[in-house]
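# Residue-level structure breakdown
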Amino acid sequence: MDLRVERSKLETLVEGLRVACRSLDQDSLPPLRVDAVALRLQSSYTGIECCFVLIVRAINGAPPDGADWHRRLLDRMTVASPARPALLRADTAQGLVERLRFRPVVRHLYAYELEAEQVERLLGKVLGLWPEVSSDLDQFTAWLLELFEAL
């Protein structure tokens, strides 16, 4: 199942973020670590969004289109459809909004322009929200497995 592969990749990525967070206990991130952590933060949302896309392609046909499709996809994950239950609780989705907004920052700034304090703050939020995201994904995966078994 592709969703399991993506989840495994996300777990590896989150573990790398945990290691980076432990290094913050000793000091703030040096500039090159800020770059690396920012890239991993951006990748973590991309991985979560990849799970969303896999789900909507398999169950709902296709992800939304248009300039704001990323936000509409996130919003769609909080709403049940006739074909599936909601994937995310509203509070989990709200916690992901800042990560969604951070992604273009990483893509469009020069790495040296990233603010260490912003990256460190977001790192803490990402790690704090991961158990909820993971739980929501686990519950949805359990629903999928029940559905497959019923077929």
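Provided above is the structure to which this section pertains.
Description of the structure in this document. (Residues numbered from 1 in each chain as written. Predicted model: local features only at pLDDT ≥ 70, side-chain atom pairs only at ≥ 80, totals over all residues. Heavy atoms only, no water.)

## Observations regarding the overall build of the chain
A count of helical and extended segments in the chain gives five helices and zero strands. Scanning the chain from its N terminus toward the C terminus, one meets helices and strands in the order α-α-α-α-α. Over its C-alpha atoms the chain spans a radius of gyration of 16 Å, differing by no more than 12% from the 15 Å that the globule rule assigns to 151 residues. C-alpha atoms of the chain, sized along the principal axes, occupy 55 × 30 × 25 Å. Per-residue burial over the chain gives 38% buried out of 151 residues. For the chain, the proportion of contacts with a sequence separation of at least 24, taken over those separated by at least 6, is 69%. On the chain, roughly 8400 Å² of surface is accessible, and the fraction owed to carbon and sulfur atoms is 55%. Computing the positive centroid from 19 side-chain charges and the negative centroid from 22, the chain places the two 3 Å apart. (Helix = DSSP H or I, 4+ residues; strand = E, 2+ residues; numbered from the N terminus. Rg over C-alpha atoms; globule rule 2.2 N^0.38 Å. Buried < 20%, exposed > 50% of the residue type's maximum accessible area, 1.4 Å probe, protein only. Contact = heavy atoms within 4.5 Å. Areas by Shrake-Rupley, 256 points an atom, 1.4 Å probe, with all protein chains shown as cover. Lys, Arg positive; Asp, Glu negative; His and termini not counted. Charge placed at Lys NZ, Arg CZ, Asp CG, Glu CD.)

## Points about helix α5 (residues 116–150)
Over its 35 residues, α5 extends 50 Å from the first C-alpha to the last, a length consistent with the 51 Å expected when each residue adds 1.5 Å. The principal kink in α5, of about 40°, is found at Trp130, preceding the proline Pro131 by one to four residues. (Expected span 1.5 Å × (residues − 1). Bend = angle between axes of the 7 residues up to and from the residue.)

## Regarding the nonpolar core
Core analysis: the largest hydrophobic core is formed by 40 residues, its most contacted members being Leu41, Phe52, Leu74, Leu87, Leu88, Leu96 and Val119. Listing elements by their share of this core, those giving two or more residues are α1 (2–24), α2 (31–60), α3 (69–76), α4 (90–108) and α5. Beyond its immediate chain neighbours, meaning those up to four positions away, Leu74 contacts Tyr45, Phe52, Leu88, Ala93, Leu96, Val97 and Leu100. (Core = buried A, V, L, I, M, F, W, Y, C linked by side-chain atoms within 4.5 Å.)

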